[in-house]
Amino acid sequence: MGVYTTAEEATYRVPAHRMFKALVTERQIVAPKVMPSFFNSMEIVHGDGGVGTVKKANFAQGSGLPFKCMSLRIDALDTEKYYVRSTLFEGEYIGDTLEKIVHEIKMEPLENGCKSTVRSNYHLKPGAVFNEAVAEATKMHSQVLNKAIEEYLLSHPDVCA
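Residues numbered from 1 in each chain as written. Predicted model: local features only at pLDDT ≥ 70, side-chain atom pairs only at ≥ 80, totals over all residues. Heavy atoms only, no water.

Looking at an unreviewed UniProt entry, the protein chain carries the name Pathogenesis related class 10 protein, with the source organism given as Hypericum perforatum. The record in UniProt for the protein chain states the following under Sequence similarities (unreviewed entry): "Belongs to the BetVI family." (UniProt positions renumbered as here; feature names shortened; annotations may be inferred.)

Dropping the structure here:
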């Protein structure tokens, strides 16, 4: 089994604590509000939001994604250091090629916002060949969602405060 790794950084004009809440601890509330054309729903199906919590996202028809749902589990969470490691383990996205995808997100406070570092490890099934277009599509959808959340937080200063 091979592992294909990607990393990316982005800066946001929102403080780290708000962006982290919106992207991680309250994602199931914020993401469907911000992008209803992308998400039908997102919910906690197991746990209390901490380590071991499982969240399921159901995507809207016409969202541009080739799958209907996905489930991820929070494996590590440090809300004071703005760090989370989660595993995407279920859904059509995993398919015939991937065993799982492990994402690590770290937010760093900046003077006028924050910096996000995301590392994604795509764990391939034995004999599978990774399609880099999958990683690029994931990155693009993530960037669109994150920028939409940033704009939402800027226009709603009470959300995730």
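(A) Just the pattern of salt bridges, in detail. Counting across every chain of the model gives five salt bridges. With a shortest N-O distance of 3.4 Å, E150 and R13 are connected by a salt bridge. Placement of E150 in helix α3 (residues 132-155) and of R13 in the loop between β1 (3-12) and α1 (16-25) is noted, with a sequence separation of 137 residues between them. The class of R13 is partly exposed, set by a relative accessible area of 48%. Three or more residues joined by partner-sharing salt bridges are found here, namely R13, K147, E150 and E151. (Salt bridge = Lys/Arg side-chain N within 4 Å of Asp/Glu carboxyl O. Helix = DSSP H or I, 4+ residues; strand = E, 2+ residues; numbered from the N terminus. Buried < 20%, exposed > 50% of the residue type's maximum accessible area, 1.4 Å probe, protein only.)

(B) Geometry of the nonpolar core. In this structure, M19, F39, M107, I149 and L153 are the most contacted members of the largest nonpolar core, which totals 41 residues. Among the elements that take part in this core, α1 stands out by supplying six residues, more than any other. What M107 contacts, discounting residues up to four positions off in sequence, is A16, M19, F20, L23, K81, Y82, C114, K115 and S116. (Core = buried A, V, L, I, M, F, W, Y, C linked by side-chain atoms within 4.5 Å. Contact = heavy atoms within 4.5 Å.)

(C) Fine view of the packing of aromatic side chains. Across all of its chains, the model carries seven aromatic pairs by this definition. Taking 5.4 Å as the distance between ring centres and 35° as the angle between the ring planes, the aromatic pair formed by F39 and F59 counts as tilted. Here F39, found in strand β2 (residues 39-46), pairs with F59, found in strand β3 (residues 54-59); they are 20 residues apart in sequence, far enough to count as distant. Judged by centre distance (5.0 Å) and plane angle (50°), the ring pair of Y122 and F130 falls under tilted. Here the two residues Y122 and F130 agree in accessibility, since each one is buried. Following the ring pairs from residue to residue traces out a cluster consisting of Y4, Y122 and F130. (Phe/Tyr/Trp six-rings, centres within 6.5 Å; stacked < 30°, edge-to-face > 60°.)

(D) Expanded view of the sheet that holds strand β6 (residues 98-110). The seven strands lie next to each other as β1-β7-β6-β5-β4-β3-β2, forming an open sheet whose pairing is antiparallel. Because the sheet does not close on itself, it has two edges, and the strands there are β1 and β2. Strand-to-strand twist of the sheet, defined as the mean angle between neighbouring strand axes without regard to direction, takes the value 20°. Direction of pairing for β6 relative to strand β7 (residues 113-124): antiparallel, over a ladder of twelve bridges. The residue of β7 that forms the bridge with L98 is L124. Strands in contact with α1 are β1, β3, β4 (69-78), β5 (83-91), β6 and β7; relative to β6, the strand with the most contacts, it is inclined by about 165°. Across the sheet, α3 is in contact with β1, β2 and β7; its angle to β1 comes to roughly 20°. (Pairing = 2+ DSSP bridges. Axes fitted to C-alpha atoms, helices over the stretch in contact; angles between N-to-C directions.)

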